[in-house]
Each structure stands twice: as C-alpha cells, then as structure tokens.
Amino acid sequence: MIRRAVFAMLGAAVCAGAFADGAAPLSDDAMKEKIVSFVTLPSRLCGRATLDFRDELKSRKITNRSWFDGDTNRLARLICELAQTNNTNVAEMMIESLGEYGTSAQLPFLYSCATNPVLGETAVKSVLRIEGVTSNSVQAARNYFALTNIPPKMTQQRDDVCISLVDAAWGNGVPLAVRAFALETTYDFAANVNQCHKWLDDVIMRHDASYRYSRRRLAVLRSVYSRGINQYSYSYVTNAINELVAYPEANLPD
C-alpha cells in the first residue's frame, strides 16, 4: 500500500512538473512558427555554416524536437497549410517536408501542385515518397514531364524526378503493370525531354540489365540524337548508338 502511494505521488509530481515547464501542446500558430524556423534554418545558414554543420542540419527531424507534440497527423496538416503560401521558397521547402512527414491526407494537395512549373518537381517526389509507385503517381510524373513552361534553370530538376521514378519503380511490391507504365513514361521522357541523357540511361540499365542491348534503348538514343543535345551528351549518345548498331542491330531483342 505504501509503495502504491509513493508511486502515485511521484506520478503526480512528474505531471505537475511537466505543466510547470510549459509542456502543454503549442497552439497551431505557435507550432507553425516552430516548423518554419526549423525547416528554413539550413537555407538561411547556407554559405555561412560549415559543411559538417549543414550535414547535421539535414539529418535533423522535427519529430525529435522537444516542442513536437507527438501528433504526426497534426504536424502533416500544419506543414500542408504552411505550403499554401505565395512565398515560393517556403512553399517548396514545406512541400519537400511533406515527403518526410506527410500522410495520404495531403496527397490531393500534392497532386494539385504536380503541374506547377516551379513546385512540380518537389511535389511529385513527395507523392512518390508517400504513395510509392502507383498508376496515379506515375500519371502525376507524366503530367509534370509534359509541362512546356519549366523555367530553364529548373530543367535539371525534371531529370532528377525521372531518375527518382525509375528508382522507385523497382521498389518492393510495385505491380509489374505499374512498373511497365513507369518505364513507358521514362522512355517517353528520355526520348523527348531530358537534358543530360547519360544519367538517366545509367539508372535504367542499373535496374534493367536487358535494356543495355535492346531495340528500346536504340530507339530512345536515336530520338535523343535527332532532338539535339549538348556536347557532353552528344559524345555519349553517339558512342552508345554505334555500339548497338554494331551488335548487329538486327539481333537486338526488343
């Protein structure tokens, strides 16, 4: 009986101490201020922090902060609300954060951002992290790739999205039909849109050994060549075409 009483008093003391230390949940507005400060800090320190410190910043998690209330659904909701701002830099960082902290409840918002020429890259990557490779997420990537108003300085980001799609398509549990849809989307992007073909070509071959010596790859390479590419990619593409034609071409599998 005495032991129970001691434990009861200790429990009451802990609870009292917690509230005395201000451990009560923060309001939504206060939590948003914490989130914005946390998410934007690495960007604000860029160029001033050491590389080691910036690496440490990237490894931080909101869920490890003392002010996090333990409600992951609330956290995702607040980040999503913060993403709906006219400040493009903040919106992009919040959409990226949804890839780590978001839930399926934020997918409609992320899908709505997939065709935004500035935010689409981050939105599609976050969709892939939350939902994985599905027919819907592949279509979101396809819609993003089809945009014709991507700012020139962001064309490389679109290549990165396609690489992310290929990597994710070989994840565990991806249905073969969905993987095929992802590859069809990738081939179309590679042939008609992407800027640095070697990176994407390497990723496809890393996952699909049959692609290296195939008519599929030759068709993509020829399309890339006819479209016109930079000097670095030109040398890579012409060498790859010559290798495949010498195979000989007639013996290449589909």
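About the cut-offs
- Residues numbered from 1 in each chain as written.
- Predicted model: local features only at pLDDT ≥ 70, side-chain atom pairs only at ≥ 80, totals over all residues.
- Heavy atoms only, no water.
- Helix = DSSP H or I, 4+ residues; strand = E, 2+ residues; numbered from the N terminus.
- Buried < 20%, exposed > 50% of the residue type's maximum accessible area, 1.4 Å probe, protein only.
- Contact = heavy atoms within 4.5 Å.
- Areas by Shrake-Rupley, 256 points an atom, 1.4 Å probe, with all protein chains shown as cover.
- pLDDT = per-residue confidence, 0-100.
- Core = buried A, V, L, I, M, F, W, Y, C linked by side-chain atoms within 4.5 Å.
- Salt bridge = Lys/Arg side-chain N within 4 Å of Asp/Glu carboxyl O.
- Phe/Tyr/Trp six-rings, centres within 6.5 Å; stacked < 30°, edge-to-face > 60°.
- Expected span 1.5 Å × (residues − 1).
- Axes fitted to C-alpha atoms, helices over the stretch in contact; angles between N-to-C directions.
- Parallel < 35°, antiparallel > 145°, perpendicular 65-115°, else oblique.
- Nonpolar A, V, L, I, M, F, W, Y, C, P; charged D, E, K, R; others polar.
- Lys, Arg positive; Asp, Glu negative; His and termini not counted.
- Polar contact = N/O pair within 3.5 Å; in protein donor to acceptor, adjacent residues only side chain to side chain.

A. Representation of the overall build of the protein chain. The helix and strand inventory of the protein chain stands at 13 helices and zero strands. Taken from N to C terminus, the helices and strands of the protein chain fall in the order α-α-α-α-α-α-α-α-α-α-α-α-α. When burial is assessed residue by residue, the protein chain has 41% of its 254 residues classed as buried. If you take every contact in the protein chain between residues at least 6 apart in sequence, the share linking residues at least 24 apart comes to 63%. Put simply, the protein chain shows about 13900 Å² of open surface, and 54% of that area lies on carbon and sulfur atoms.

B. Layout of the confidence of the model for the protein chain. Averaged over every residue, the pLDDT of the protein chain is 85; residues scoring 70 or more account for 84%. Confidence scores differ between elements of the protein chain, with helix H1 (residues 2-20) showing the lowest mean pLDDT of 36 and helix H6 (residues 107-113) the highest of 98. In the model, residues 1-21 has pLDDT below 50 throughout and makes two contacts with residues more than four positions away in sequence or in other chains.

C. Just the nonpolar core, in detail. Phe 145 and Leu 200 are the most contacted members of the largest nonpolar core, which has 43 residues in total. Elements with a minimum of two residues in this core: helix H7 (120-131), helix H8 (135-145), helix H9 (155-169), helix H10 (176-192), helix H11 (197-207), helix H12 (215-227) and helix H13 (231-245). With eight residues, H10 is the single largest residue contributor to this core. Aside from chain neighbours lying at most four places away, what touches Phe 145 is Arg 158, Val 161, Cys 162, Leu 165, Thr 185, Phe 189 and Val 193. Among the nonpolar cores identified, the runner-up in size contains 27 residues, and Phe 68, Phe 109, Leu 110 and Val 127 belong to it.

D. A look at the pattern of salt bridges. For the coordinates displayed, the defined rule picks out 14 salt bridges. For Lys 125, the salt bridge goes to Glu 121, with nearest N and O atoms at 3.1 Å. On the criterion of helical spacing, the pair formed by Lys 125 and Glu 121 is a turn pair, its members being four residues apart in helix H7. Here Lys 125 matches Glu 121 in class, with each residue buried. Of the charged contacts, one joins Asp 167 and Arg 206 as a salt bridge, the two residues approaching to 3.0 Å between their closest N and O atoms. With Asp 167 in helix H9 and Arg 206 in helix H11, this residue pair connects regions lying 39 residues apart in the sequence. On the accessibility criterion, Asp 167 (31% relative accessible area) is partly exposed. Via salt bridges that share partners, Asp 28, Lys 32, Asp 69, Arg 74, Arg 77 and Glu 81 belong to a single interconnected network.

E. Fine view of the packing of aromatic side chains. Tallying each qualifying case throughout the model produces six aromatic pairs. Pairing Tyr 144 with Phe 145 gives two aromatic rings, centres 6.0 Å apart and planes at 45°, and the pair type is tilted. Each residue in the set Tyr 144, Phe 145 and Phe 189 is aromatic and connected to the rest through ring pairs, giving one cluster.

F. Expanded view of H10. Given a rise of 1.5 Å per residue, 17 residues ought to cover 24 Å, and the 24 Å separating the end C-alpha atoms of H10 matches this to within 8%. Turning to H10, its buried residues are Val 178, Arg 179, Phe 181, Ala 182, Leu 183, Thr 185, Thr 186, Tyr 187, Phe 189, Ala 190 and Ala 191. Here the buried face of H10 lies against H8, H9, H11 and H12.

G. How the structure looks around the packing of H11 against H12. Axis separation between H11 and H12 bottoms out at 12 Å; the angle between their running directions is 175°. The angle between H11 and H12 falls in the class roughly antiparallel. Contacts from His 197, Asp 201 and Met 205 in H11 reach Arg 217, Val 220, Leu 221 and Val 224 in H12. Classifying every residue of the contact of H11 with H12 gives four nonpolar, one polar and two charged.

H. Examining the side chain of Ser 126 more closely. Mapped onto the elements, Ser 126 comes out in helix H7. Leaving out residues up to four positions away in the same chain, Ser 126 has contacts with Ile 95, Glu 96, Leu 98, Gly 99 and Leu 110.

I. Quick peek at the side chain of Arg 179. With respect to the helices and strands, Arg 179 occurs in helix H10. No salt bridge is formed by the buried Arg 179; its nearest oppositely charged neighbour, Asp 208, is found at 8.7 Å. At 2.8 Å, the side chain of Arg 179 forms a polar contact with the backbone oxygen of Ala 169. Leave out the neighbours within four places in its chain, and Arg 179 touches Ala 169, Trp 170, Gly 171 and Val 174.

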